[in-house]
Amino acid sequence: MRRDYLFITGLALLFFFPFLGSIHLFDGDEIKYAECAREMLLSGEWMRAQIDFQPVFDTPPLFLWAQALSMQVFGVNEFAARFPNAVCGLVTLLMVYRIGLRLHDRMFAWLWVLAWLGSFLPHVYFRSGMIDPWFNLLVFCGLYGFIEFRWQFLTRKSHTAFWQRYRYLLAGGGLLGLAILVHGSVAYVVVIVVLGLYWARYRFKGRGYLGHLILFSSVAWLVPSVWLVAETALYDADFAQNMIALQLNPVSIAGDKTAGLIIYPVLMLLAGGFPVSVFALPNLWGDRQPEDELLESDTLAACQRSDLTTWMQLLFWSAFVVCCLAQMQTSSLASLSWFPMTYLGAVTIWRAIRWGVRPAITTIMLPLTGILLGSAVAIIPWLGMHPEFLRRLFSNDPFALEALEAETGWELWQGIPGILLFAASIAAWYFWRKNRPWLAAQTVFVAGAIFSKLTMIFIFCNIEGHTQRAAVEFYKSKRNEPCVITPLSFKTYAHLFYSCKQPGAVDGKTYLVTKTGSSETIPDPSYHKELNRKNGFVFWEKLTLPEVER
């Protein structure tokens, strides 16, 4: 088995770490967290998050500490900002292999690893600077610690030592506490919903369940409490009070206003989670454990597998429903569903290999989703070369119309990842129908891993060129110039990170950045000179009084 762990490590090093810094950080969460980490290093303020050197109350510091340490080693750049998530990818693959091997067998363990490696967005997020991967991993590990504790508590003798009985519960609570330190109280909200639903499913019966739930919650909240107490002792109580007030109402945290639109998480999970999403569909509800599995398996192991399936179904639907209802960023909660989705998808393939159970919905959705997603990616380079076909969609958006004209060097061969996924989906469907599920899984997951990596290199790079590169290049050109850059009419963090803004007052020029069609936001156009406009962005310089008089 050691050879397997080494091989998995090699796969993670091959797919997650190379070319991490080949694309600018995308504006929004990626740059926001990287900027917080940069300001931590610059100001020496490690206890609280800052944006533009002002405290922010919706971002606990744990992930920022990881990014800041990475930047201290690799420098302030894209590679350093994304490096912690690549490490998370390695840890995730090793962990799911270990759990899969323990509960099922070596075949299942590899299926679970391949499901993570070869599914689109789960793969892509490990190569991003988003907060989601570590948040998802810590939430899952915290919940699994409680699950493992309950299994052992109900099967072990009571005279065992306290640490032997409660170590998984305490470790799980501690890991959930770390998840709270990554992304706030929403981690606890989702887990407590899952624990409550599981308890309700058995009519609130279960020896010691309530006491265990209280102990688990106490340990979970102890971890962020230590940070808040230290913050209060070192500075003042205002920051802690504001942070607590915001976290007590987690669903109101300001974020992506796409929340509440059910189509967003559905697309993120079905298309973004392809191909494992189509294998998970049959197991999202109900217990489809075949009789042959019960007859051939160890009774306790079969019961644990059935129980874990129930837990994963509850986690999936809890994250999905909260994602649809909460008025906050949906990506973290939608991506949390990838842990149960990859497990349930691996279960479908494993049962097909062992007992020939091949659900009809997977047979239908495997080629259909793969063909649609592969075709969509394959056609993107052609659309980039012929933007006239997209202008009708953005006829009322002057910024988008100019951004489409950006020279990013589209070539038809950049659609190869989509063609690869298209062909692999058809081949996997053929093998699936011929009752060769292991070959089907290898085909579609290996192709999915290659597709994900090449799509980031070939497609995302050019998309970034259309959406933000002109502005980023302007910000980078002002790095060594004492100046103030102020974006107007749009929200961004890129000007802070890429201009390497320093703390304190600056005695220098003032630049304004607007988007095409929003020049009316300039306070007094006569006091501002247009320097340049490119790909939908307009760059201005604020004039001094003598310059205005001339």
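Our subject is the structure listed above.
As the structure is a prediction and not an experimental result, all values here were calculated from the model.

### Some points on the overall build of the chain
Part 1 of the argument: Check the secondary structure of the chain and you find 25 helices and six strands.
Part 2 of the argument: Computed over the C-alpha atoms, the radius of gyration of the chain is 25 Å, within 12% of the 24 Å expected from 2.2 N^0.38 for a compact globule of 550 residues.
Part 3 of the argument: Counting over 550 residues, the chain shows a buried share of 55%.
Part 4 of the argument: Of the accessible surface of the chain, which amounts to about 23600 Å², a share of 64% is contributed by carbon and sulfur atoms.
Part 5 of the argument: In the chain, which carries 44 positive and 40 negative side-chain charges, the distance between the mean positions of the two groups comes to 11 Å.

### Topic: the packing of aromatic side chains
Part 1 of the argument: A complete count under the given rule lists 50 aromatic pairs for this structure.
Part 2 of the argument: When the centroid spacing of 5.1 Å and the interplanar angle of 75° are considered together, the rings of F74 and F79 count as edge-to-face.
Part 3 of the argument: On the accessibility criterion, F79 (26% relative accessible area) is partly exposed.
Part 4 of the argument: Aromatic rings pair up to connect F16, F108, W112, W116, F126, F140, Y144, W151, F339, Y343, W350 and W355 into one cluster.
Part 5 of the argument: Sitting above the plane of the F399 ring, K515 keeps its charged end 4.3 Å from the centroid.

### Looking at the pairing of strand β6 (residues 537–542)
Looking down a regular strand, the side chains alternate between one sheet face and the other.
Part 1 of the argument: Most of β6 is tucked away, with five of its six residues classed as buried.
Part 2 of the argument: Where strand β4 (residues 509–515) and β6 come together, five bridges link them in antiparallel fashion. Opposite T514, over in β6, you have V538 as the bridge partner.
Part 3 of the argument: Taking the residues between adjacent antiparallel strands as the criterion, strand β5 (residues 528–534) and β6 are bridged by two residues, where N535 takes a positive phi near 50°.

### A look at the packing of helix α18 (residues 360–385) against helix α22 (residues 437–467)
Part 1 of the argument: Between α18 and α22, the shortest axis-to-axis distance is 12 Å and the interhelical angle comes to 20°. Taken together, the axes of α18 and α22 lie roughly parallel to each other. Crossing geometry of α18 relative to α22 is assigned as left-handed. Across the interface between the two elements, L366, L373, V377, I380 and P381 from α18 touch V444, F451, T455 and I459 from α22.
Part 2 of the argument: Counted by class, the contact of α18 with α22 contains eight nonpolar, one polar and no charged residues.

### Observations concerning helix α5 (residues 106–117)
Part 1 of the argument: Taking 1.5 Å per residue, twelve residues should reach 16 Å; α5 reaches 17 Å between its end C-alpha atoms and fits that length.
Part 2 of the argument: Of all the twelve residues making up α5, ten are buried; the element is thus mostly covered by neighbouring parts of the structure.
Part 3 of the argument: For α5, the full list of buried residues reads F108, A109, W110, L111, W112, V113, L114, A115, W116 and L117.
Part 4 of the argument: For α5, the capping residue at the N-terminal end is D105, with a side-chain oxygen 3.2 Å from the backbone nitrogen of M107.

### So, a nonpolar patch on the surface
Part 1 of the argument: A contiguous nonpolar patch, built from I379, W382, M385, F389 and L412 and spanning about 470 Å² of accessible area, is present on the exposed surface.
Part 2 of the argument: Among the elements that line the nonpolar patch, the one with the most residues is α18, at three residues.
Part 3 of the argument: For F389, the location among the structural elements is in helix α19 (residues 388–391).

### Observations concerning the pattern of salt bridges
Part 1 of the argument: Overall, the coordinates contain 14 salt bridges when judged by the stated rule.
Part 2 of the argument: In this structure, K534 engages E473 in a salt bridge whose closest nitrogen and oxygen atoms are separated by 3.5 Å. Here K534 is found in strand β5, whereas its partner E473 is found in helix α23 (residues 469–477), with 61 residues between them in sequence.

### A few points about the pairing of β5
Part 1 of the argument: Direction of pairing for β5 relative to β6: antiparallel, over a ladder of six bridges. Opposite E530, over in β6, you have W540 as the bridge partner.

### Considering the side chain of H123
Part 1 of the argument: Tracing the chain through its elements places H123 in helix α6 (residues 120–125).
Part 2 of the argument: A distance of 2.8 Å separates a polar side-chain atom of H123 from the backbone oxygen of L117.
Part 3 of the argument: Setting aside its immediate chain neighbours within four residues, H123 contacts F15, F16, W116, L117, A449, S452 and K453.

### As for the environment of F83
Part 1 of the argument: Its place among the elements puts F83 in helix α4 (residues 78–103).
Part 2 of the argument: For F83, a relative accessible area of 23% puts it in the partly exposed group.
Part 3 of the argument: Taking the C-alpha atoms as reference, F83 lies 8.7 Å from F126; in sequence the two are 43 residues apart.
Part 4 of the argument: Once residues within four sequence positions are removed from consideration, F83 is found in contact with F17, L20, S70 and F74.

### Examining the environment of P61
Part 1 of the argument: Tracing the chain through its elements places P61 in the loop between β2 (54–55) and α3 (62–74).
Part 2 of the argument: Not counting chain neighbours up to four residues away, the residues in contact with P61 comprise M40, W46, M47, L181 and W227.

### Quick look at unusual backbone geometry
Part 1 of the argument: The omega angle of the peptide bond from F274 to P275 is 10°, so this bond is cis rather than trans.
Part 2 of the argument: Mapped onto the fold, P275 is located in the loop between α12 (263–270) and α13 (276–280).
Part 3 of the argument: Phi at D52 is positive, roughly 55°, even though this residue is not glycine.
Part 4 of the argument: In this model, S489 sits at a positive phi of 70°, which is unusual for a non-glycine residue.
Part 5 of the argument: Along the chain, S489 turns up in the loop between β3 (483–487) and α24 (494–498).
Part 6 of the argument: Judged by relative accessible area, which is 48%, S489 ranks as partly exposed.

### Here we look at α12
Part 1 of the argument: Residues of α12 that are buried include every one of P265, M268 and L269, and no others. End-on, the buried residues of α12 take up no more than an arc of 90°, which puts them together on one face.

### Notes on the environment of G177
Part 1 of the argument: The topology assignment puts G177 in helix α8 (residues 162–183).
Part 2 of the argument: Put simply, G177 and S218 are 41 residues apart on the chain and 9.4 Å apart in space, counted from C-alpha to C-alpha.
Part 3 of the argument: Not counting residues within four places of it along the chain, the set of residues in contact with G177 comprises A220, V223 and P224.

### Notes on the sheet that holds β5
Part 1 of the argument: Pairing is mixed across the open sheet formed by four strands, whose spatial order is β3-β4-β6-β5. Each edge of the open sheet carries a strand with a single partner, namely β3 and β5. If you compare each strand with its neighbour and ignore which way they point, the axes differ by 25° on average.
Part 2 of the argument: Contacts from α23 reach β3, β4, β5 and β6 within the one sheet, and its direction differs from that of β6 by about 30°.

What counts and what doesn't
- Numbering of residues starts from 1 in each chain and follows the order in which that chain's sequence is written.
- A pLDDT threshold of at least 70 governs which residues receive local features in this predicted model, and a stricter bar of 80 or more applies before side-chain atom pairs are shown or counted, although totals over entire chains, interfaces and linings include all residues.
- Each side-chain value is worked out from all heavy atoms of the structure, with water and hydrogens disregarded.
- Note on conventions: DSSP H or I runs of at least 4 residues are helices, E runs of at least 2 residues are strands, and numbering of each starts at the N terminus.
- We take the radius of gyration over the C-alpha atoms and set the globule estimate at 2.2 Å times the residue count to the 0.38 power.
- When a residue's accessible area, from a 1.4 Å probe over protein chains only, is under 20% of the maximum for its type it is buried; when over 50% it is exposed; and in between it is partly exposed.
- Areas reported as accessible are Shrake-Rupley estimates using a 1.4 Å probe. Residue values count occlusion only from the protein chains shown.
- Residues counted as positive are Lys and Arg, residues counted as negative are Asp and Glu, and His and the chain ends are not counted.
- The location of each charge is read from NZ of Lys, CZ of Arg, CG of Asp or CD of Glu.
- Stacked, tilted and edge-to-face pairs are distinguished by plane angle, under 30 degrees for stacked and over 60 for edge-to-face with tilted covering the rest, among Phe, Tyr and Trp rings (Trp via its six-membered ring) whose centres lie within 6.5 Å.
- Any Lys NZ or Arg CZ found within 6 Å of a ring centre and within 35 degrees of that ring's normal is scored as a charge over the ring.
- Two strands qualify as a pair provided that DSSP identifies no fewer than 2 bridges between them.
- Axis definition: a line fit to C-alpha positions, over the contact stretch in the case of helices; interaxial angles, taken between N-to-C directions, run 0 to 180 degrees.
- For classification purposes, angles smaller than 35 degrees are called roughly parallel, those larger than 145 roughly antiparallel, those between 65 and 115 roughly perpendicular, and all remaining angles oblique.
- Here is the rule for handedness: rotate from the far helix to the near one, and if that takes an anticlockwise turn smaller than a right angle the crossing is left-handed, while a clockwise turn gives right-handed.
- The contact definition used throughout considers only heavy atoms, calling two residues in contact when any of these lie within 4.5 Å.
- Gly is placed with the polar residues, together with every amino acid not listed as nonpolar (Ala, Val, Leu, Ile, Met, Phe, Trp, Tyr, Cys and Pro) or charged (Asp, Glu, Lys and Arg).
- The span you would expect from a helix comes to 1.5 Å times its residue count less one.
- N or O atoms within 3.5 Å of each other form a polar contact, as long as, within protein, one can give a hydrogen and the other can take it, and as long as residues adjacent in sequence are counted only when both atoms are side-chain atoms.
- For patch building, the residue pool is restricted to those with more than 30% relative accessible area and no salt bridge; the joining distance is 9 Å between like charges and 5 Å between nonpolar side chains (Val, Leu, Ile, Met, Phe, Trp, Tyr).
- Take a side-chain nitrogen of Lys or Arg and a carboxyl oxygen of Asp or Glu: if they are within 4 Å of each other, that pair is a salt bridge.
- In this context, the arc is that of the directions from the helix axis out to the C-beta atoms.

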